[in-house]
Amino acid sequence: MIRKFTLLGSLVAAVALVAGACTPGGPAAQTFKVRPTSVKIVDGEDNDSGDEPYVIQVGFRSKVGVAKSSSAQISSQCRTGTLPTTEAPDGTTVTIPAGAADVNLAGVQNLDIGDIAMNNAPFEIIGALTFVAERDAIFNTCALTDAFDSLLVPILTDALDLLIAAQPVPPTQEQLIALLTDNIGSVLSGVLSFVGTILEGLGNPDDIVGVTAQVLLPFSGALAGLVDAGLAIGGIFQPGLETGILPVDSTGLKIRIGNLQPSVTKFTLENPGIATYEYTSTVAAG
């Protein structure tokens, strides 16, 4: 199913044929942030007392063909001291404070077709992994956040260096999905084992209700229009694809591809037997 919608590969081919709007030295740098906005508890884990949902994010970026340009960093409500202070029952929308777990993206150049065709600036793959968790730990620790920081961040950085920074052309959509799903699957197992070891005998570790991945393409003008058009056409054959959320049926990971522009996206996250949440993410400029 995914093979029908190789958006990135098609875009690269189109860019190679078209030279248009471009700015010497590349466009002016901008700053964006991927901000967790809210979590609605559809079916909570603690149906009697209510849930305490919170968010951990790992931002990542890598420049195509620029060796060792990859980076990843973690941001968590646990580390910023903004965990929920009260339990929320089913049907409640829990608002996440601004700055609580934002992925900050500075120095981004949104490229048009001519910028890539004329090689004015490197093409950068940017994104964010979001883990929506339910607070169970009875002690004031950030064990889950610490585990992701020590396990996921270095593995993801190395994988991006191999797949993107060391390659002369952008990866296909299938390669990006494989990178995300393969790494998250193995890392989740390691994280849960690690957290369980730390908290053994001390209480329940926090539960992960769902994971989202947003791959944000720093495009503008006609190039951004190509992405939007590709998603719109794909939505004709696969309803829902027009939102950018890919139909990855074999995993609970929700993956979205879109332009790095202001947007609001809702994800339904379900961990069978645990909980169902509706997570809202905002991409904002500045």
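All figures in this text were calculated on a predicted structure; none of them were measured in a lab.

## Regarding the overall build of the protein
When its secondary structure is counted, the protein shows five helices and 10 strands. Evaluated residue by residue, the protein yields a buried proportion of 50% over its 286 residues. Summed over its atoms, the accessible surface of the protein is roughly 12200 Å², and 56% of this surface lies on carbon and sulfur atoms.

## Considering the side chain of S69
Note on placement: S69 falls in the loop between strand 2 (53-63) and strand 3 (71-76). At a separation of 2.7 Å, a polar atom in the side chain of S69 contacts the main-chain carbonyl oxygen of V66.

## Here's the deal with the state of the cysteines
The tally for this structure, following the rule as stated, stands at one disulfide. A sulfur-sulfur distance of 2.1 Å marks the disulfide that ties C78 to C142. Because the torsion about its S-S bond is -95 degrees, the bridge between C78 and C142 counts as left-handed. Of the two residues, C78 is situated in the loop between strand 3 and strand 4 (93-95) and C142 in the loop between strand 6 (124-134) and helix 3 (143-165); the sequence distance between them amounts to 64 residues. Each member of the pair, C78 as well as C142, carries the same accessibility label: buried.

## A few points about the pattern of salt bridges
According to the stated counting rule, one finds four salt bridges in the structure shown. Residue E124 pairs with R61 through a salt bridge whose shortest N-O separation is 2.7 Å. With a gap of 63 residues between them, E124 in strand 6 and R61 in strand 2 connect regions that are remote in the sequence. What makes R61 buried here is its relative accessible area of 13%. One salt bridge in this structure joins D206 and R135, with 3.0 Å as the shortest N-O distance. Here D206, found in the loop between helix 4 (173-199) and strand 7 (207-217), pairs with R135, found in the loop between strand 6 and helix 3; they are 71 residues apart in sequence, far enough to count as distant. For the pair shown, D206 and R135 are each scored as buried.

## Side note on the nonpolar core
Counting 39 residues, the largest nonpolar core has V58, L129, F131, F148, L156 and L217 as the members making the most contacts within it. When residues of this core are traced back to their parent elements, those giving at least two are strand 2, strand 3, strand 6, helix 3, strand 7, helix 5 (221-237) and strand 8 (254-259). Broken down by element, this core gets its largest block of residues, eight residues, from helix 3.

## A few points about the environment of A159
Within the element layout of this structure, A159 appears in helix 3. Of the residues examined, A159 reaches a relative accessible area of 17% and is grouped as buried. The spacing of A159 and S70 is 89 residues in sequence and 8.8 Å in space, taken between C-alpha atoms.

## Description of the confidence of the model for the protein
Overall, the prediction assigns the protein a mean pLDDT of 80, with 74% of residues at 70 or greater. No element of the protein has a lower mean pLDDT than helix 1 (residues 7-17), which averages 45, and none a higher one than strand 4, which averages 97. Scored below 50 in pLDDT, residues 7-20 makes 24 contacts in the model with residues more than four places away or belonging to other chains.

## Quick word on unusual backbone geometry
In this structure, K68 takes a positive phi of about 60 degrees despite not being glycine. When you line up the elements, K68 lands in the loop between strand 2 and strand 3.

## Some details on the pairing of strand 1 (residues 30-43)
The two faces of the sheet receive side chains in turn, since in a regular strand these alternate between them. Sheet analysis places strand 1 next to strand 5 (residues 103-108), joined by four bridges and oriented antiparallel. Bridge pairing links F32 to L105 in strand 5. When strand 1 meets strand 10 (residues 275-285), the two strands line up antiparallel, connected through 10 bridges. For F32, the partnering residue across the bridge sits in strand 10 and is A285. Where strand 1 meets strand 4, three bridges bridge the pair, whose relative direction is antiparallel. Counted as the bridge partner of S38 is T95 from strand 4.

What counts and what doesn't
- Residues numbered from 1 in each chain as written.
- Predicted model: local features only at pLDDT ≥ 70, side-chain atom pairs only at ≥ 80, totals over all residues.
- Heavy atoms only, no water.
- Helix = DSSP H or I, 4+ residues; strand = E, 2+ residues; numbered from the N terminus.
- Buried < 20%, exposed > 50% of the residue type's maximum accessible area, 1.4 Å probe, protein only.
- Areas by Shrake-Rupley, 256 points an atom, 1.4 Å probe, with all protein chains shown as cover.
- Polar contact = N/O pair within 3.5 Å; in protein donor to acceptor, adjacent residues only side chain to side chain.
- Disulfide = S-S within 2.5 Å.
- Salt bridge = Lys/Arg side-chain N within 4 Å of Asp/Glu carboxyl O.
- Core = buried A, V, L, I, M, F, W, Y, C linked by side-chain atoms within 4.5 Å.
- pLDDT = per-residue confidence, 0-100.
- Contact = heavy atoms within 4.5 Å.
- Pairing = 2+ DSSP bridges.

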